[in-house]
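Chain by chain, the residues:
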Amino acid sequence: LVLSFLRRSPSAEAFVRCASANGKDRVASSSLSLGNDACLQNRWYSEDVASRRRRNGRRWARNLRHSTFAANDVDEETWSFQATEAPIADPSVPYFHIFYNDVYEVKLPPGHRFPMEKYRKVREIVQRKVSSLASERRNRVQCDFHVSPLATVEELTTTHTPTYVDRFLRGDLTEEEVRNVGFPWSPSGVDRALSSVGGTVAAASAVCEELRRRRRQRSQAEPRSEEEESGGLGAPVWSAHVAGGTHHAFADRGEGFCVFSDIAVAANVILLRYPDVVSRILILDLDVHQGNGNAVLFDGRDDVVTFSMHCGANYFSDKQRSDLDVELPAGCTDDTYLLSLRHWLNLIKSEGGPYDLVFFQAGVDVLADDRLGRMEVSSRGVQRRNEMVFDFALKLGVPLVTTMGGGYPREDWKPILEAHANVYFQAHQFLSERGRD
């Protein structure tokens with residue numbers, strides 16, 4: 001086990017000195033015990049982190065100012081998700097809206113290794129499980145399903161270069177660029193890529209709109225005591241996208257079945273559109289592969305913190321540097337996986353905040369049944385992982401937006417489909433049982 005820990009939180013000096021790769025200067029750690037085969041490694045970087053953070057943050061703000069729009073002077077049609085005048089829901093009931101994009105069908109060549117059909121199959125399983133609940137249990141959570149909108153060019157260019165966006169939309173990528181993405185270009189593929197981003201933007205926007213409605217409702221209510229005013233805004237406000245998690249896309253290119261980074265675009269749109277609701281975001285990426293694209297896209301930004309826990313023996317391109325990278329060994333099983341996750345979630349909770357929104361990239365390719373994963377986590381282990389993330393968000397009292405991520409079935413698709421579906425149904429059940437705590 002190798003952990004590369006670079007914090008860009010206010011307590012950036014709180015590094016953990018651990019064992020070096022060659023075994024010298026070994027330091028015992030009482031806070032994390034993973035057995036004799038586990039060692040920790042801390043990397044100290046020569047570049048001044050605070051200076052890089054300030055420089056890159058200024059660069060991002062400057063690029064937005066020089067782009068074709070600014071958040072305060074755009075027409076609402078700039079955004080793919082449009083707020084509605086829906087009646088304000090009961091704030092004492094947990095909120096959990098789910099978006100899906102499998103209506104945008106893409107026909108891949110015969111024998112293509114990407115499981116495109118899984119999105120529809122997973123959505124159908126989740127809908128079937130939710131609808132089969134007794135009405136009393138189903139109504140404990142405000143849960144609706146929505147078709148994912150298509151992301152707008154303005155949304156995409158908060159994160160990706162206008163040239164890359166334009167070239168992809170026109171089908172003008174080179175053969176090498178198309179090969180790196182992994183999908184042949186097609187008009188239907190464009191709609192799928194746009195909806196993959198648009199659904200995550202919509203899921204995050206729906207959460208922010210609900211929080212705005214609750215604040216508005218609260219401000220218009222009868223005068224409250226100081227104790228009531230210091231309380232929260234009611235039951236948890238969560239959402240999800242049965243797609244997305246495309247964390248391998250960079251500003252000017254895609255790779256690994258990822259054209260655009262849906263989470264990165266959603267994070268940037270939310271920071272622009274809802275500054276009164278969200279000022280700092282955490283990305284929890286638990287795919288078996290490193291969230292390398294998001295690591296680069298948010299490099300030096302202190303308003304978005306990236307955490308990636310992945311297999312250290314499963315890189316298909318250059319390793320990047322997140323705010324916090326946790327590398328686990330090939331063949332990793334439940335005990336090591338869950339103990340590692342618990343340790344770092346506790347550390348983030350105690351030292352990394354505050355956060356206003358959490359994205360959960362819930363790839364299930366850590367499963368032993370996954371064709372590409374190289375890890376040995378059980379289905380129960382993945383369920384425990386999900387519970388830990390849900391409990392983390394609930395205790396922090398922040399909204400949670402969940403996306404899909406990787407999951408590559410062997411001949412039998414059932415383990416992967418069930419693991420994906422469990423992420424969303426578990427969230428529903430978790431809110432049903434604990435959302436009013």
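Reading the values: the criteria
Residues numbered from 1 in each chain as written. Predicted model: local features only at pLDDT ≥ 70, side-chain atom pairs only at ≥ 80, totals over all residues. Heavy atoms only, no water. Axes fitted to C-alpha atoms, helices over the stretch in contact; angles between N-to-C directions. Helix = DSSP H or I, 4+ residues; strand = E, 2+ residues; numbered from the N terminus. Parallel < 35°, antiparallel > 145°, perpendicular 65-115°, else oblique. Contact = heavy atoms within 4.5 Å. Nonpolar A, V, L, I, M, F, W, Y, C, P; charged D, E, K, R; others polar. Buried < 20%, exposed > 50% of the residue type's maximum accessible area, 1.4 Å probe, protein only. Polar contact = N/O pair within 3.5 Å; in protein donor to acceptor, adjacent residues only side chain to side chain. Pairing = 2+ DSSP bridges. Right-handed = clockwise from strand over helix to strand, strands pointing away. Patch = residues over 30% accessible without salt bridge, like charges linked within 9 Å, V, L, I, M, F, W, Y side chains within 5 Å. Areas by Shrake-Rupley, 256 points an atom, 1.4 Å probe, with all protein chains shown as cover. Salt bridge = Lys/Arg side-chain N within 4 Å of Asp/Glu carboxyl O. Lys, Arg positive; Asp, Glu negative; His and termini not counted. Charge placed at Lys NZ, Arg CZ, Asp CG, Glu CD. Core = buried A, V, L, I, M, F, W, Y, C linked by side-chain atoms within 4.5 Å. Phe/Tyr/Trp six-rings, centres within 6.5 Å; stacked < 30°, edge-to-face > 60°. Lys NZ or Arg CZ within 6 Å of the ring centre and 35° of its normal.

Peer 1: Hey, could you run me through the packing of helix H11 (residues 334-352) against helix H12 (residues 379-396) in this one?
Peer 2: To describe two helices that pack against each other, one gives the angle between their axes and the distance between the axes. In the contact formed by H11 and H12, the axes pass within 10 Å of each other and the chain directions differ by 10°. For the element pair H11 / H12, the angle class is roughly parallel. Side by side, H11 and H12 meet where Asp334, Tyr337, Leu338, Leu341, Arg342, Leu345, Ile348 and Lys349 of the first sit next to Gly381, Arg384, Arg385, Met388, Val389, Phe392, Lys395 and Leu396 of the second. A breakdown of the residues in the contact of H11 with H12 according to their chemical character gives 9 nonpolar, 1 polar and 6 charged.

Peer 1: Which parts of the structure should I look at to understand unusual backbone geometry?
Peer 2: A positive phi angle is found at Phe257, which is not glycine, with a value near 65°. Residue position: Phe257 is located in the loop between strand S4 (237-241) and helix H9 (262-273). Judged by its relative accessible area of 12%, Phe257 falls in the buried class. The phi dihedral of Arg374 falls on the positive side, at around 70°, and the residue is not glycine. By the secondary structure assignment, Arg374 is in the loop between strand S8 (357-361) and H12.

Peer 1: Is there a simple way to think about the side chain of Asp102 in this case?
Peer 2: Assignment of secondary structure puts Asp102 in the loop between strand S2 (95-100) and helix H2 (118-131). One polar contact links Asp102 to Arg123, side chain to side chain, over a distance of 2.6 Å. Setting aside residues no more than four positions away along its own chain, Asp102 makes contact with Tyr119, Arg120 and Arg123.

Peer 1: Can you walk me through the pairing of strand S6 (residues 304-311) in this structure?
Peer 2: Counting buried positions along S6 yields 8 of 8 residues, so the element is predominantly enclosed. Bridge analysis of strand S5 (residues 281-285) against S6 gives 5 bridges, and the strand direction is parallel. Bridge pairing in S6 places Asp285 opposite Ser308. After leaving S5, the chain enters helix H10 (residues 292-297) and then returns to the sheet as S6, a path that is right-handed. The pairing of S6 with strand S7 (residues 324-328) spans 5 bridges and is parallel. From the neighbouring strand, Phe307 faces S7, where its bridge partner is Leu324.

Peer 1: Quick question: what am I supposed to make of the environment of Val178 here?
Peer 2: Within the secondary structure layout, Val178 lies in helix H6 (residues 175-181). Overall, the relative accessible area of 21% leaves Val178 in the partly exposed class. For Val178 and Phe168, which are 10 residues apart along the polypeptide, the C-alpha to C-alpha distance reads 9.3 Å. Filtering out sequence-adjacent residues up to four positions away, Val178 remains in contact with Leu173, Phe183, Pro184 and Trp185.

Peer 1: Even after reading the chapter, I still don't get a negative patch on the surface, so can you show me in this structure?
Peer 2: Taken together, the side chains of Asp369, Glu376, Glu411 and Asp412 define an acidic patch exposed on the protein surface. Within the fold, Asp412 resides in the loop between strand S9 (400-403) and helix H13 (414-434).

Peer 1: Is there a simple way to explain the nonpolar core in this structure?
Peer 2: Generally speaking, nonpolar side chains in soluble globular proteins are found buried as a group. In terms of nonpolar packing, the biggest core is built from 115 residues, with Phe260, Phe307, Tyr337 and Phe359 touching the most fellow members. Ranked by residues supplied to this core, first place goes to helix H7 (residues 187-220) with 12 residues.

Peer 1: Please explain the packing of aromatic side chains as it appears in this structure.
Peer 2: Aromatic ring pairs are defined here through the distance separating the ring centres and the angle between the ring planes. Per the counting criterion, the structure on display carries 12 aromatic pairs. With a centroid separation of 5.2 Å and 35° between ring planes, the pair formed by Phe183 and Phe257 is classed as tilted. In this pair, Phe183 sits in the loop between H6 and H7 while Phe257 sits in the loop between S4 and H9, placing the two residues 74 residues apart along the sequence. The buried category is assigned to Phe183, whose relative accessible area is 12%. Here the aromatic cluster, defined as three or more aromatic residues joined through ring pairs, consists of Phe114, Tyr119, Phe183, Phe257 and Tyr408. Above the plane of the ring of Tyr100 lies Arg123, whose end atom (NZ or CZ) is 4.6 Å from the centre.

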